[in-house]
Amino acid sequence: MTTARRQAVAGIRGWCAERNEDAVRTAALLISELLTNAVKHTYGDRVSLLLQPAGPVLRIEVHYSSPELPHPGHPDMNSEHGRGLLLIAALADRHGTEPRETGKCCWTELILPTPAGPGDLHPPPIECRLKDAVAAPTSSQKPEPPTAPLPHEKR
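What counts and what doesn't
Residues numbered from 1 in each chain as written. Predicted model: local features only at pLDDT ≥ 70, side-chain atom pairs only at ≥ 80, totals over all residues. Heavy atoms only, no water. Helix = DSSP H or I, 4+ residues; strand = E, 2+ residues; numbered from the N terminus. Contact = heavy atoms within 4.5 Å. Areas by Shrake-Rupley, 256 points an atom, 1.4 Å probe, with all protein chains shown as cover. Axes fitted to C-alpha atoms, helices over the stretch in contact; angles between N-to-C directions. Parallel < 35°, antiparallel > 145°, perpendicular 65-115°, else oblique. Left-handed = near helix turned anticlockwise from the far one by under 90°. Nonpolar A, V, L, I, M, F, W, Y, C, P; charged D, E, K, R; others polar. Disulfide = S-S within 2.5 Å. Buried < 20%, exposed > 50% of the residue type's maximum accessible area, 1.4 Å probe, protein only.

## So, the overall build of the chain
Secondary structure assignment for the chain yields three helices and six strands. Counting from the amino terminus, helix and strand elements in the chain follow one another as α-α-β-β-α-β-β-β-β. Considering only residue pairs separated by 6 or more positions, the chain has 64% of its internal contacts joining residues 24 or more positions apart. As displayed, the chain has an accessible area near 9,100 Å², and 55% of this comes from carbon and sulfur atoms.

## Some words on the packing of helix α1 (residues 2–15) against helix α2 (residues 21–41)
Relative to each other, α1 and α2 sit at 150 degrees, their axes nearing to 10 Å. Judged by the inter-axis angle, α1 sits roughly antiparallel to α2. As α1 runs across α2, the sense of the crossing is right-handed. Contact with α1, carried on its side by A4, R5, A8, V9, I12 and R13, involves E21, V24, A27, A28, I31, S32 and L35 of α2 and no other residues of that element. The residue inventory of the contact of α1 with α2, partitioned by class, reads nine nonpolar, one polar and three charged.

## Looking at the state of the cysteines
Scanning all chains against the criterion turns up zero disulfides. You can see C105 has no disulfide; the closest cysteine sulfur is in C106, sitting 6.8 Å from it. On the basis of relative accessibility, which here comes to 0%, the residue C105 falls in the buried class.

## Focus on the environment of E101
Relative to the helices and strands, E101 is located in the loop between β3 (94–100) and β4 (103–111). Residue classification places E101 among the exposed positions, given a relative accessible area of 86%. Distance in space between the C-alpha atoms of E101 and P67 is 8.6 Å, their sequence separation being 34 residues.

Here it is, written out as C-alpha cells:
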C-alpha cells in the first residue's frame, strides 16, 4: 500500500508543481484510508487504485471485490478502528460507493488548487493494481522513483 500511495502522491505533484502541499497531503490520507478499507475487506487479491484528474477536481477510486457497501463506524474513545469513513467524509469534497459486477468502487473527490496552465487540465490518469497489498504499475505506466516518506511516515 505504501508504494501505491507514494506513486499516487508523486503523480499528483507531477500534474502541477504549484499544487498546495496541504491538498497533496489530504489526497494522500484519503488514498490511505480507501486502500486500507479495501485491503481489510476484500475477498480476493484484486484491488486497484485509479486517480482521475479533471481541472481542479481529483477523483480517487479504489475498486475491489467485496460487494458489501461500507458503513460508518461508531468508535468510542478507546477504539482502534472505525474512523476511516468518518475521516473520508470530513476531508473529501464528495465521496461515495458504486456497486460493480465484480464488487464495488469507493471514491472520493477533492478540489485541488487551480491548475497553473492549460496542460494541467487533463493529465493522464494513474492506475495501480495491488496484490496482497503490494502495488504494481500497469504496463503503460513507468514506475516512479522512490520518494521521500511523508512527514508522518516511518521508513
